Amino acid sequence: MYLVKICFSFLQLFVTARWILADFGTYIIGGDEVDIAKHPYLVSLRYRHEAQEPYRHKCAGVIYSERIVITAAQCLVDLGHGDNIIVLAASNYRTGFDGILYPALKWFFHADYSSLSVDYDIGFIIIRSSFEFQKNQLSPVSIMSYRPGSGKIASVAGWGYREEFGPSSRYLKEVEVPIVSTTECTQSYGEGEITERMICAGLVNGGKDACQGDTGGPLIINNQLVGLVSWGRGCGRPGFPTVYAFVASLKDWLDDAIASVTEDVNKKLSTEVK
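Keep in mind that this is a model prediction, so the values were computed, not measured. (Residues numbered from 1 in each chain as written. Predicted model: local features only at pLDDT ≥ 70, side-chain atom pairs only at ≥ 80, totals over all residues. Heavy atoms only, no water.)

What to know about the pattern of salt bridges
Note on pairing: side chains with opposite charge can pair once their charged atoms come close.
Here comes step 1: Under the definition given, this model contains three salt bridges.
Here comes step 2: Measuring nitrogen to oxygen at the nearest pair gives 3.0 Å for the salt bridge that ties Glu 174 to Lys 38. With Glu 174 in strand E12 (residues 173-180) and Lys 38 in the loop between strand E3 (32-33) and strand E4 (42-48), this pair connects stretches of sequence that are 136 residues apart.
Here comes step 3: The exposure class assigned to Lys 38 is partly exposed, which follows from its relative accessible area of 47%.
Here comes step 4: One salt bridge in this structure joins Arg 197 and Asp 119, with 2.8 Å as the shortest N-O distance. Highlighted residues: Arg 197 in the loop between helix H2 (182-189) and strand E13 (198-201) and Asp 119 in the loop between strand E8 (100-109) and strand E9 (123-127), separated in sequence by 78 residues. (Salt bridge = Lys/Arg side-chain N within 4 Å of Asp/Glu carboxyl O. Helix = DSSP H or I, 4+ residues; strand = E, 2+ residues; numbered from the N terminus. Buried < 20%, exposed > 50% of the residue type's maximum accessible area, 1.4 Å probe, protein only.)

Comments concerning the nonpolar core
Here comes step 1: Judged by nonpolar contacts, the single largest core of 48 residues is most densely connected at Leu 45, Val 87, Phe 131 and Leu 225.
Here comes step 2: Listed by contribution, the elements that provide at least two residues to this core are E4, strand E5 (56-65), strand E6 (68-71), strand E7 (84-89), E8, E9, strand E15 (224-231) and helix H3 (251-273).
Here comes step 3: In this structure, Leu 45 is in contact with Arg 56, His 57, Lys 58, Cys 59, Ala 60, Gly 61, Val 69, Thr 71, Ile 85, Ile 86, Val 87 and Ile 125, ignoring residues within four places of it in sequence.
Here comes step 4: By size, the runner-up hydrophobic cluster in this structure holds 15 residues, among which are Met 144, Val 156, Ala 210 and Phe 246. (Core = buried A, V, L, I, M, F, W, Y, C linked by side-chain atoms within 4.5 Å. Contact = heavy atoms within 4.5 Å.)

Thoughts on the confidence of the model for the protein chain
Here comes step 1: Summarising the model, the protein chain shows a mean pLDDT of 85, and 82% of its residues fall at 70 or more.
Here comes step 2: This model gives residues 6-27 a pLDDT under 50, and the stretch forms 82 contacts once residues within four places in sequence are excluded. (pLDDT = per-residue confidence, 0-100.)

Overview of unusual backbone geometry
Here comes step 1: Of note in the backbone geometry, Tyr 120 takes a positive phi value of approximately 55 degrees without being a glycine.
Here comes step 2: Take Tyr 120: it is sitting in the loop between E8 and E9.
Here comes step 3: Within the chain, Asn 223 stands out as a residue other than glycine whose phi angle is a positive 65 degrees.
Here comes step 4: Topologically, Asn 223 is positioned in the loop between strand E14 (218-221) and E15.
Here comes step 5: Residue class for Asn 223 comes out exposed when judged on its relative accessible area of 55%.

As structure tokens, then:
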């Protein structure tokens, strides 16, 4: 679900997605295996589009509160009424269901999200039951309130490709990458491509990065959420850092939207129980 933008000069149009779409498997490039206990807020989002299909990993997300998972809007925008999502927590593996399953009840994404600009790339999932934090060693993540400076080291974890076109790994991976300034990132991608709602991270020489299927996963500094894997040009390419949704810039929308829809959802659930 990692989008690559390709510009055709003779048309001056973008393809409808910025990341090259691969299969449901995804993986961190240049990283190391890490136990999920280090990222107790990280979850795998498993999708099923037809009743006879198995659930498959497609995106990642982060636990924000007892019933809320934050992820990228692009992980939710194309879902129909017949689609189902299961949130898998406390799992190290991309395949299988070794963790704890939480069926999704509803999902929402920012109304200003655009698949062309990949701006406002944030959404959230409400699960049917609550996460049991202490019992299952899960934990919500807090959002960093400011934009970290260029060069600050962040970590990103997920189940994405280990090379740009695969193959994928079964086990959770983590990699460290430095924050890249908006000015430098704009020089890579072009004027107007990097908005206030984006933040970039990656090595100048490439080789370490997020990739297809890590979408929606967390960029973390000091155990605080800075960004969500969003888009870029290829994976781990020199001179092209990954672009993340900058969550602090979208927190007001997130909290207001959660408050608004949670009240309605709770009313419906109480009616179902009766």
